[in-house]
Amino acid sequence: DAVAFAQAQFANDVAALADGHWQWNAWLNAKGRVLAIFQLLRLDATRLLLVCHDGDGEAMAEQLRRFVFRRKLVIARADGFFVEAALQAPFAARGTVMAQRGEGLIELDVGSPVLPRTLRLAAHAGTAADEATDLAWRQSDLHFGLPRLEPSQREQWTPQQLGLDRLAAYSVKKGCYPGQEIVARTHFLGKAKRAATLLEVPAGSAAGDEVRKDGQAIGTLASVAGTLALAVLPLEIDNAGLGVADG
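Residues numbered from 1 in each chain as written. Predicted model: local features only at pLDDT ≥ 70, side-chain atom pairs only at ≥ 80, totals over all residues. Heavy atoms only, no water.

### Some words on the overall build of the protein
The criterion, for reference: Each helix corresponds to a stretch of at least 4 residues labelled H or I by DSSP, and each strand to a stretch of at least 2 residues labelled E; elements are numbered beginning at the N terminus. Atoms counted for the radius of gyration: C-alpha only. Globule rule: 2.2 Å times the number of residues to the power 0.38. Remark: exposure states derive from per-residue accessible area (1.4 Å probe, protein chains only) relative to the maximum for the residue type, with buried under 20%, exposed over 50%, and partly exposed in between. Per-residue accessibility takes into account occlusion by the displayed protein chains alone, with areas from the Shrake-Rupley method and a 1.4 Å probe. Counted as positive: Lys and Arg. Counted as negative: Asp and Glu. His and the chain ends are not counted at all. Note that the charge is assigned to NZ on lysines, CZ on arginines, CG on aspartates and CD on glutamates.
In terms of helices and strands, the protein carries four helices and 12 strands. Relative to the 2.2 N^0.38 estimate, which gives 18 Å for 247 residues, the radius of gyration of the protein is 18 Å and therefore close to what a compact globule would have. Expressed as lengths along the three principal axes of its C-alpha atoms, the size of the protein is roughly 55 × 40 × 30 Å. Put simply, the protein has 247 residues, and 45% of those count as buried. Only carbon and sulfur atoms are counted for the fraction: they give 52% of the accessible area of the protein, which is about 12800 Å². Side chains of the protein give 26 positive and 28 negative charges; the mean places of these two sets differ by 8 Å.

Okay, structure coming up:
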């Protein structure tokens, strides 16, 4: 029952996903606030794999197990995979189509023509990234529109506020899921008043810091990587004269 369970819990349309394909997806609370953002891979008709960019995969698995009830379903940590990343175009994967490259290697296209990026899920660990390489990847996430949510920023933002429409990470047409009513109402009534904006910020800025204009707090940094951040700001805001202060 993996697909049926995921369809009922997550914001994107899992049932419409073909075998061998993947999608960005999100898990929301009942108030339509984002708990986690992840990639959902449909390995075949009965197996799904979640790649949790925010970390805490085991904590998410434990929370999901509380909703299994009588479904025929096992939720477990996929210990046989190591994640490798590269700021280059994939060899074989294209768009949402996964590529199997040899035994125990799945390649994913997680970029665009302007910003090529590849993730590889391998059976063996590669070379660990140094601090500079890790920062470059996290900043590429922000350029791509993918927020990495620290614990303080979970359950704070709707998918629209985080710009998850740019990742096609939620659906307003599928059936019910936690937070679906809020997401659909915001979409169809056009009530989104804030959205994620990429900013250059001072070194040492952190998620949760206030964004101010003319001394007034107008938004919040939702995700930070070095001197880049995705900030949730009012729509149509003039970015000139913005500043950041500890929240």
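The rest of the description comes next.
### Remarks on helix 1 (residues 2-9)
Quick note on the threshold: By the convention used here, residues are in contact when the closest approach between their heavy atoms is within 4.5 Å.
Extensive coverage of helix 1 is indicated by the burial of six of its eight residues. By the burial criterion, the buried members of helix 1 are Ala2, Val3, Phe5, Ala6, Gln7 and Gln9. Against the buried residues of helix 1 lie strand 1 (21-28), strand 2 (34-42), strand 3 (48-52) and helix 2 (57-65).

### Focus: the pattern of salt bridges
Oppositely charged side chains can form a pair if their charged atoms are brought close together. To be explicit about the condition: Criterion for a salt bridge: a side-chain nitrogen of Lys or Arg within 4 Å of a carboxyl oxygen of Asp or Glu.
Scanning all chains against the criterion turns up 11 salt bridges. The partner of arginine 42 in a salt bridge is aspartate 19, and the shortest N-O contact between them spans 2.8 Å. A residue pair is termed long-range when its members are at least 10 positions apart, and arginine 42 in strand 2 and aspartate 19 in the loop between helix 1 and strand 1 qualify at 23 residues. The salt bridge partner of aspartate 141 is arginine 117, with a shortest N-O separation of 2.7 Å. Taken together, the residues aspartate 141 in helix 3 (residues 131-144) and arginine 117 in the loop between strand 6 (105-109) and strand 7 (118-122) connect sequence positions 24 residues apart.

### Focus on the packing of aromatic side chains
Each aromatic ring pair is described using two quantities: the centre-to-centre distance and the angle formed by the ring planes. For clarity, the cut-off: The criterion for an aromatic pair is that two Phe, Tyr or Trp rings (for Trp, the six-membered ring) have centres within 6.5 Å, with stacked assigned to planes under 30 degrees apart, edge-to-face to planes over 60 apart and tilted to the rest. Lysine and arginine charges are scored as sitting over a ring when NZ or CZ, respectively, is within 6 Å of the ring centre and within 35 degrees of the ring normal.
Summed over the entire model, instances satisfying the criterion amount to four aromatic pairs. For the pair phenylalanine 10 and phenylalanine 38, a centre-to-centre distance of 4.9 Å together with 70° between the ring planes defines the contact as edge-to-face. Here the residue phenylalanine 10 occupies a position in the loop between helix 1 and strand 1, and phenylalanine 38 occupies one in strand 2, the gap between them amounting to 28 residues. The exposure class assigned to phenylalanine 38 is buried, which follows from its relative accessible area of 0%. The rings of Phe10, Trp27, Phe38 and Phe67 are connected pair by pair, giving a single aromatic cluster. The ring of tryptophan 137 is capped by arginine 117, whose NZ or CZ atom sits 4.4 Å from the centre of that ring.

### A look at the sheet that holds strand 9 (residues 210-213)
Selection rule: For two strands to count as paired, DSSP must find a minimum of two bridges between them. Only C-alpha atoms enter the line fits that serve as axes; for helices the fit covers just the stretch in contact. Angles between N-to-C directions range over 0 to 180 degrees.
Spatially, five strands are ordered 8-11-10-9-12 in an open sheet, and the strand pairing comes out antiparallel. In this open sheet, the two edge strands, each paired with only one partner strand, are strand 8 (194-200) and strand 12 (242-245). Sheet twist, expressed as the mean angle between neighbouring strand axes with direction ignored, is 35°. One ladder, built from four bridges, connects strand 9 with strand 10 (residues 216-225); its direction is antiparallel. Among the inter-strand pairings, glutamate 210 is bridged to a residue of strand 10, identified as threonine 220. Sitting on the sheet, helix 3 touches strand 8, strand 10 and strand 11 (228-234), and the angle it makes with strand 10 is about 130°.

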